[in-house]
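Summary of structural features
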Amino acid sequence: MVWNGKKFVIDNNILPASENILRENIIVKELYKLEVKPCQKSKKYLLRVMEFEREHSHLYNLELIKIIHPKKFSIGIENNKIVAYKNLIFPSSIRNKKGRDWTKKLSTLNDEIFFGGEKEDVLDVKFDNVQNLENCHLVFRANLRANYQRIAEATRNLERIFSSERKWTDSLKKIAIASLGTAVAGEVIKPEDAFAAVHLCKSINIYVDVYVGNNKKGLLSIVHPREKFSSGLVDISQCTKERKSPLSLKLKWTNSHNLSFIGLVNASPLTNPDIKQETIKLSSLSHSEDKNINEKHLKDGRVGLIPGQFINLEFPAKKEIINSDQEISFILKAKGYYTPF
């Protein structure tokens, strides 16, 4: 199991027998940005969370965070914290190791156009105007080009399940794919956690051309894309403070991944008075296989998912009146742990 790039190795011969001790050691809280707004029906937000990873998810709590913000801001997750970002800067140059120019294709927010990176592939990325970003972050969209059979099977199952609810099939399908099983924000390992990458073959290594600590052209981050295209953020402010010269990054692939976009933004915590945040408590939960499981069983850890299983979630929704220059973003907040499946 992997949480936030941290690798936990489980050996049943050495773990304490007490389940409570096991839970205490590994229960974590995670935030997932939904790229598709949840379906709203009968004064309820409806979500479906499906397990796609080869893991057994054990859940203790689920909440929905609604954020009303100006359209000039985007909402994302960086280091498991909610941030707002703006001032998008496009690369001045992107070239692969053969010199082919990818600048225009990877500067467009279109997942239909992407760089299909293979192991040992490299992209050299250059940004010219970095001095105007006070808290510079790399923003990207990537996916794991796996095409696993379990993903196809899960999608087909969703089609059958929603055959009588076609009008909101697509929304729930995207949300299911973008939630716990395949998190929206890519997992990022910081340089100090790079040892974990030994155990994780699926990654894109990001190197920078300035000093990182005591290392020139050091490893900045290791990004682990999810199975569906999703956005992620990497804090690179340490490399851009008081910088007047262009910034050059090198992205090195260690396995097959698609990259559809890369850029720079100015990110900050949700301190702007024009951004309003509300946490919505779960009102109802149902399990795809165990009909006796409901929201009350979260507190004792009895809500679990294995590949192919899903839970339906309902959150109370109220009619929100927003201005033309505002929009609403949603974050799913989960508490739990994974074990191998």
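The rules behind each value
- Residues numbered from 1 in each chain as written.
- Predicted model: local features only at pLDDT ≥ 70, side-chain atom pairs only at ≥ 80, totals over all residues.
- Heavy atoms only, no water.
- Helix = DSSP H or I, 4+ residues; strand = E, 2+ residues; numbered from the N terminus.
- Buried < 20%, exposed > 50% of the residue type's maximum accessible area, 1.4 Å probe, protein only.
- Contact = heavy atoms within 4.5 Å.
- Core = buried A, V, L, I, M, F, W, Y, C linked by side-chain atoms within 4.5 Å.
- Pairing = 2+ DSSP bridges.
- Axes fitted to C-alpha atoms, helices over the stretch in contact; angles between N-to-C directions.
- Salt bridge = Lys/Arg side-chain N within 4 Å of Asp/Glu carboxyl O.
- Polar contact = N/O pair within 3.5 Å; in protein donor to acceptor, adjacent residues only side chain to side chain.
- pLDDT = per-residue confidence, 0-100.
- Disulfide = S-S within 2.5 Å.
- Phe/Tyr/Trp six-rings, centres within 6.5 Å; stacked < 30°, edge-to-face > 60°.

1. Observations regarding the overall build of the protein chain
When its secondary structure is counted, the protein chain shows four helices and 23 strands. By the burial criterion, 50% of the 341 residues in the protein chain qualify as buried. For the protein chain, the proportion of contacts with a sequence separation of at least 24, taken over those separated by at least 6, is 81%.

2. With respect to the nonpolar core
In terms of nonpolar packing, the biggest core is built from 29 residues, with L123, L138, L251 and L264 touching the most fellow members. Of all the secondary structure elements, the ones that give two or more residues to this core are β11 (122-127), β12 (136-144), β14 (204-208), β15 (219-224), β17 (247-253) and β18 (257-269). Excluding anything up to four places from it in sequence, L123 contacts I94, R95, N96, W102, L106, F115, L249, K250, L251, W253 and L259. L34, L59, I311 and L332 belong to the second largest nonpolar core, which has 25 residues in total.

3. Considerations on the environment of L219
Mapped onto the elements, L219 comes out in strand β15. For the pair L219 and L249, spaced 30 residues apart in sequence, the C-alpha to C-alpha distance is 10.0 Å.

4. Regarding the sheet that holds strand β22 (residues 310-316)
Taken together, four strands build an open sheet; the order of strands is β4-β5-β22-β20 and the sheet is antiparallel. The open sheet is flanked by β4 (39-41) and β20 (284-287), the only strands paired with a single partner. Neighbouring strand axes in the sheet, compared pairwise and without regard to direction, differ in orientation by 25° on average. As paired strands, β4 and strand β5 (residues 44-50) are joined by three bridges and run antiparallel to one another. Among the inter-strand pairings, Q40 is bridged to a residue of β5, identified as Y45.

5. What to know about the pattern of salt bridges
Scanning the model with the defined rule gives 10 salt bridges in all. Across the pair D124 and K250 runs a salt bridge, and its minimum N-O distance is 2.7 Å. With D124 in strand β11 and K250 in strand β17, this pair connects stretches of sequence that are 126 residues apart. Salt bridges linked by common partners bring E35, D111 and R141 together as one network.

6. Section: the environment of A317
Inspection of the secondary structure assignment puts A317 in the loop between β22 and β23 (326-340). On the basis of relative accessibility, which here comes to 10%, the residue A317 falls in the buried class. Considering only alpha carbons, one finds A317 and Q40, 277 residues apart in sequence, at a separation of 7.3 Å. When neighbours within four sequence positions are excluded, A317 is seen to be in contact with Q40, K43, K44 and Y45.

7. Topic: the side chain of R141
Along the polypeptide, R141 turns up in strand β12. Classification of R141 as buried rests on a relative accessible area of 12%. Polar side-chain contacts of R141 include one of 2.7 Å to the side chain of S231. If sequence neighbours within four positions are ignored, R141 has contacts with E35, L109, D111, F229, S230, S231, N258, L259, S260 and F261.

8. Observations concerning the confidence of the model for the protein chain
With 72% of its residues at a pLDDT of at least 70, the protein chain reaches an overall mean of 77. Of all the helices and strands in the protein chain, strand β1 (residues 2-3) carries the lowest mean pLDDT, 26, while strand β9 (residues 93-96) carries the highest, 97. Confidence over residues 1-24 falls short of pLDDT 50; this stretch has 40 contacts with residues more than four positions distant or in other chains. Ignoring residues within four places in sequence, the model shows residues 163-201, a span with pLDDT below 50, making 104 contacts including any to other chains.

9. What about the state of the cysteines?
In a disulfide, the sulfur atoms of two cysteines are covalently bonded to one another. This structure, assessed with the given rule, holds zero disulfides. Residue C136 stays outside any disulfide, its sulfur separated by 8.5 Å from that of C239, the closest cysteine.

10. So, the packing of aromatic side chains
All told, the structure shown has six aromatic pairs when counted by the stated rule. Aromatic side chains F114 and F229 sit 5.9 Å apart centroid to centroid with 50° between the ring planes, which places their arrangement in the tilted category. In this pair, F114 sits in the loop between β9 and β10 (115-117) while F229 sits in the loop between β15 and β16 (230-235), placing the two residues 115 residues apart along the sequence. Ring geometry for F115 versus W253: centroids 5.1 Å apart, planes at 70°, classification edge-to-face. A residue pair is termed long-range when its members are at least 10 positions apart, and F115 in strand β10 and W253 in strand β17 qualify at 138 residues. Owing to a relative accessible area of 5%, F115 belongs among the buried residues under this scheme. You can call W253 buried: its relative accessible area is 1%.

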